[in-house]
Amino acid sequence: MFDFCTDPDTLYGVRWLACYLTTGKHMALYTSVLVVLALLGITAPAALLFGFGGATLARSRILPLRIFGKAYIALVRGVPDIAFFLFFVIALDQAFEWIRHKIKCPDWDQPIRQGNDFIVCDAAKLPLGNAPQWIHETYGFFLAVLTFAIVFGAFSANVLYGAMRAVPRAQLETAEAYGMSRHQTFWRILVPQMWLYALPGLSNLWMVLIKATPLLFLLGVEDIVYWARELGGTANPRFTAYPHGDWRVWYFLALLVFYLIFTRVSEVFLEKLMVKFSHGQATSGGRAQGKAA
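Here the structure is a predicted model, which is why all the values come from computation and not from measurement. (Residues numbered from 1 in each chain as written. Predicted model: local features only at pLDDT ≥ 70, side-chain atom pairs only at ≥ 80, totals over all residues. Heavy atoms only, no water.)

(A) Layout of the packing of aromatic side chains. A complete count under the given rule lists 10 aromatic pairs for this structure. Taking the centre distance of 6.3 Å and the plane angle of 45° together, the rings of Phe-152 and Phe-155 count as tilted. Taken together, the residues Phe-152 and Phe-155, both in helix 5 (residues 133-166) and 3 residues apart, mark about one turn of the helix. On the basis of relative accessible area, Phe-152 is assigned to the buried category, the value being 3%. Between Phe-258 and Tyr-259, the aromatic rings sit 5.2 Å apart at their centres with planes inclined by 70°, giving edge-to-face as the arrangement. Among the aromatic residues, those joined into a cluster by ring pairs are Trp-206, Phe-258, Tyr-259 and Phe-262. (Phe/Tyr/Trp six-rings, centres within 6.5 Å; stacked < 30°, edge-to-face > 60°. Helix = DSSP H or I, 4+ residues; strand = E, 2+ residues; numbered from the N terminus. Buried < 20%, exposed > 50% of the residue type's maximum accessible area, 1.4 Å probe, protein only.)

Spelled out as structure tokens, the structure:
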């Protein structure tokens, strides 16, 4: 069967561009877009879970828990994100391997930490040396998601902690006066109402998370930034059937358009979510919506 993309005499104009944009590396670029969307889809609820836990601990009546929650928020927020992204990947990887080493190799008689080297038995390494490539990539993606969740969880914890404090104290006292326990007051009164106060801060945090996805490149994950730089660089005719000059500006311009469209869609969705949460609430937004209705 005749293939236009394998006949050099037909590779020109629009046909050349169509064949060029469907090469294997470009398919990897398109797949990396799904990787970014998967990161956001998994990290956002995970970070929210970390944040809710941190905010709950920060307002706990138990002193050690309260100190731990506030320390988590202050420590992560006070250190540059890039430092945590580079630190957590190494620290988490070594922590997982250390746990596996203690379980799988109890007879190991050599120190794990030998100078700058971290040495564990072969059975404890993650992933195993004979594991297929997709397992290595999945493990790296898992570490990236966990790192993003821990870092952005601290920021969401700060937002949720402030939202919990913003709920009028009179409502909590009224619930207690009606005989609700502290647990019931927390889940039935405080938590449902705090989201209205937390949503503006969480919306901004979502936008920051979108803009932070290029940090995947620093974590060893081949994301859209990696492939934009890889494909946009000068292609030598000796190594490819699609030679071109330095096209990085066009690839990064495409990334700019992608992120702008993504953030705009997010803004529209978050605005509708804010209207939904404001309905029936005793706030200026809720009263304005009631008057409009």
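(B) Looking closely at the environment of Leu-146. Tracing the chain through its elements places Leu-146 in helix 5. Among the residues examined, Leu-146 registers a relative accessible area of 19% and is labelled buried. Distance from Leu-146 to Ala-46, taken between C-alpha atoms, is 8.1 Å for residues 100 residues apart in sequence. Contacts of Leu-146, omitting those with residues within four sequence positions, involve Phe-50, Leu-92 and Phe-96. (Contact = heavy atoms within 4.5 Å.)

(C) Geometry of the packing of helix 2 (residues 24-58) against helix 9 (residues 248-278). In contact at an axis separation of 14 Å, helix 2 and helix 9 are set at 30° when each is read in the N-to-C sense. Considering the angle they form, helix 2 stands roughly parallel to helix 9. Read as a crossing pair, helix 2 and helix 9 show a hand that is right-handed. Counted together, His-26, Leu-29, Val-33, Leu-37 and Leu-40 of helix 2 and Tyr-251, Phe-258 and Phe-262 of helix 9 form the full contact between these two elements. Residue classes in the contact of helix 2 with helix 9 are distributed as 7 nonpolar, 1 polar and no charged. (Axes fitted to C-alpha atoms, helices over the stretch in contact; angles between N-to-C directions. Parallel < 35°, antiparallel > 145°, perpendicular 65-115°, else oblique. Left-handed = near helix turned anticlockwise from the far one by under 90°. Nonpolar A, V, L, I, M, F, W, Y, C, P; charged D, E, K, R; others polar.)

(D) Representation of helix 2 within the structure. With 35 residues, helix 2 extends 49 Å from end C-alpha to end C-alpha; this agrees with the ideal 51 Å at 1.5 Å per step. Its axis deflected by about 25° at Thr-43, helix 2 carries its strongest bend there, up to four residues before the proline Pro-45. (Expected span 1.5 Å × (residues − 1). Bend = angle between axes of the 7 residues up to and from the residue.)

(E) View of the nonpolar core. Among the nonpolar cores identified, the biggest contains 64 residues, and Phe-148, Phe-152 and Met-194 are the most heavily contacted of them. Among the elements that make up this core, the one with the highest residue count is helix 5 (16 residues). In contact with Phe-148, other than residues within four places in its own chain, are Leu-39, Thr-43, Phe-85, Gly-153, Leu-209, Ala-212, Thr-213, Leu-215, Leu-216 and Leu-219. Core analysis: the next-biggest nonpolar cluster, separate from the first, contains 5 residues, Cys-105, Val-120, Cys-121 and Ala-124 among them. (Core = buried A, V, L, I, M, F, W, Y, C linked by side-chain atoms within 4.5 Å.)

Bear in mind that shape data such as this cannot, by itself, settle questions of function.
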